[in-house]
Amino acid sequence: MAATTPGTSTVNEHELEQVERANASGLTPVAFVHGLWLLPSSWDRWAALFEEKGFVAVQPHWPDDPETVAEANAKPEVFARKSIGDIADHVADVIGRLDKKPAVIGHSFGGLLTQILAGRGLAAVSVAIDPAPFRGVLPLPISALRSGSAVLKNPLNRHRAVPLTYDQFRYGFANAVPEEEAKELYETFAVPGSGEPIFQAAAANLNPWTEAKVDTKNPERGPLLVVSGELDHTVPHAIAHASYEQQKKNSDNVTEFVELEGRGHALVIDSGWRDVAETALAFVQRFV
């Protein structure tokens, strides 16, 4: 699987332990890839569900991710200067150490990373949930611009870690849940995020050398499901479906799209997470 240049690995001890546990289990691994403003722990309930169903979970970090939300908010600077390429290579390094090719499930920028990894032939099956756009995905709805404005409004944010205010989180993530739940999600899950991926995605169609690109034609891509939340402001239907339209040109593999009614960008962490997880699980079980 993926090779890493000696001395360049950013895989941490916790990730190595997860890989060793997965390899020792002999089970099919499922790698959960988080997006901006969340941590790997945001997938804990998903990991438990998939393990109940006979898989073994791996929750890769982004480089230098803290372990807890409290640590993340105390030292936000660790998130800065992490590009899409940096993160994709790191996650590829983690899953490349697995004995079995994993299912890969990602949300938001994790959904983009999932497609990048699948395009490298590293996934047995993939689920991209409300995925951030890549080069070739053209729609840019107003709600997505508003969600990204927390970062894009200041060019200096490209090299910074940018936290979301509650109001920004409410609009971009938690618009489809009651106010009380939105506040709980913000306090429980929200952490600062690297500004660089937002700028990269925003300029992807202007930069032929962008890191925000996906090999959609690789015959080794594997089956792919794109999931969209009907009410998502950050990755609206137009973006998610345009990603699917690009991916379905892959004639060697199954490509499917599903939109979940009444769901916003927080669909993987809010009180309805299990419905989304079971949608992903059913797709994965068809192929591994």
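See the structure above.
Rules and cut-offs
- Residues numbered from 1 in each chain as written.
- Predicted model: local features only at pLDDT ≥ 70, side-chain atom pairs only at ≥ 80, totals over all residues.
- Heavy atoms only, no water.
- Axes fitted to C-alpha atoms, helices over the stretch in contact; angles between N-to-C directions.
- Helix = DSSP H or I, 4+ residues; strand = E, 2+ residues; numbered from the N terminus.
- Parallel < 35°, antiparallel > 145°, perpendicular 65-115°, else oblique.
- Left-handed = near helix turned anticlockwise from the far one by under 90°.
- Contact = heavy atoms within 4.5 Å.
- Nonpolar A, V, L, I, M, F, W, Y, C, P; charged D, E, K, R; others polar.
- 1 Å grid on protein atoms, 1.4 Å probe; cavity = no way out; pocket = protein on both sides within 12 Å on 5 of 7 lines; lining within 4 Å.
- Points joined across faces, edges and corners; volume = space filled by probe spheres on them.
- Buried < 20%, exposed > 50% of the residue type's maximum accessible area, 1.4 Å probe, protein only.
- Pairing = 2+ DSSP bridges.
- Right-handed = clockwise from strand over helix to strand, strands pointing away.
- Arc of directions from axis to C-beta.
- Core = buried A, V, L, I, M, F, W, Y, C linked by side-chain atoms within 4.5 Å.
- Polar contact = N/O pair within 3.5 Å; in protein donor to acceptor, adjacent residues only side chain to side chain.

> Can you tell me about the packing of helix H2 (residues 44–52) against helix H11 (residues 273–285), naming the residues and giving the values?
Close contact between H2 and H11 brings their axes to 10 Å; oriented N to C, the two are set at 45°. Of the possible angle classes, the one that applies to H2 and H11 is oblique. Crossing geometry of H2 relative to H11 is assigned as right-handed. Contact residues: Arg45, Trp46, Leu49, Phe50 and Glu52 in H2; Trp273, Arg274, Val276, Ala277, Glu278, Ala280, Leu281 and Val284 in H11. Of the residues contributing to the contact of H2 with H11, the split by class is 9 nonpolar, no polar and 4 charged.

> Hey, could you go over empty space enclosed by the protein for me, with residue numbers and the actual values?
Over the atoms rolls a probe the size of a water molecule, and in doing so it shows where empty space is left. Tallying each qualifying case throughout the model produces 1 cavity of 30 Å³ or more. Here the largest cavity is characterised by a volume of approximately 60 Å³. Around the largest cavity, the lining comprises 13 residues; the ones closest to its centre are Trp62, Asp65, Phe79, Gly193 and Ser194. Along the lines of polarity and charge, the residues of the lining of the largest cavity split into 7 nonpolar, 4 polar and 2 charged.

> Any details on the pairing of strand E4 (residues 125–129)? Residues and values, ideally.
Within E4, 5 of the 5 residues are buried, leaving the element largely enclosed by the surrounding structure. The alternating pattern of E4 places Val125, Val127 and Ile129 and Ser126 and Ala128 on opposite faces, both of which are buried. Bridge analysis of strand E3 (residues 103–107) against E4 gives 5 bridges, and the strand direction is parallel. In the sheet register, Ala103 faces E4, and the bridge partner there is Val125. For the crossover that starts at E3, traverses helix H5 (residues 109–119) and ends in the parallel E4, the hand is right-handed.

> An account of helix H6 (residues 142–152) is requested, with residue identities and associated values reported.
Looking only at H6, the buried set comprises Ser143, Ala144, Ser147, Gly148, Ala150 and Val151. Looking straight down H6, one finds that the buried residues subtend no more than 125° of arc, so they occupy a single side. For H6, the exposed residues set more than 90 degrees away from the buried face come down to Ile142 and Arg146. Those residues of H6 that are buried are in contact with strand E5 (161–162), helix H7 (166–172), helix H9 (196–202) and helix H10 (237–247).

> Summarise the nonpolar core; cite the residues concerned and give the values.
The biggest cluster of nonpolar side chains holds 87 residues, and the ones touching the most others in it are Phe32, Trp46, Phe50, Ile105, Phe109, Val127 and Ile129. Once you skip the residues sitting within four places of it in the chain, Val127 turns out to touch Val104, Ile105, Gly106, Thr114, Leu225, Val227, Ala280, Phe283 and Val284.

> Mind laying out the side chain of Gln200, listing which residues take part and the relevant values?
As for its placement among the helices and strands, Gln200 is situated in helix H9. Overall, Gln200 belongs to the buried group, its relative accessible area being 8%. Of note is the side chain of Gln200, whose polar atom sits 2.8 Å from the side chain of Glu211. Beyond its immediate stretch of four places on either side in the chain, Gln200 contacts Ser83, Ile84, Arg158, Thr210, Glu211 and Ala212.

> Outline the packing of helix H4 (residues 84–95) against H5, supporting the account with residue identities and numerical values.
The contact between H4 and H5 brings their axes to 10 Å, and the two run at 60°. Considering the angle they form, H4 stands oblique to H5. Crossing of H4 against H5: the hand is right-handed. Residues Ile84, Ile87, Ala88, Val91, Ala92 and Ile95 of H4 form the contact with H5, whose participating residues are Phe109, Leu112, Leu113, Ile116 and Leu117. Among the residues making up the contact of H4 with H5, the classes are represented as 11 nonpolar, no polar and no charged.

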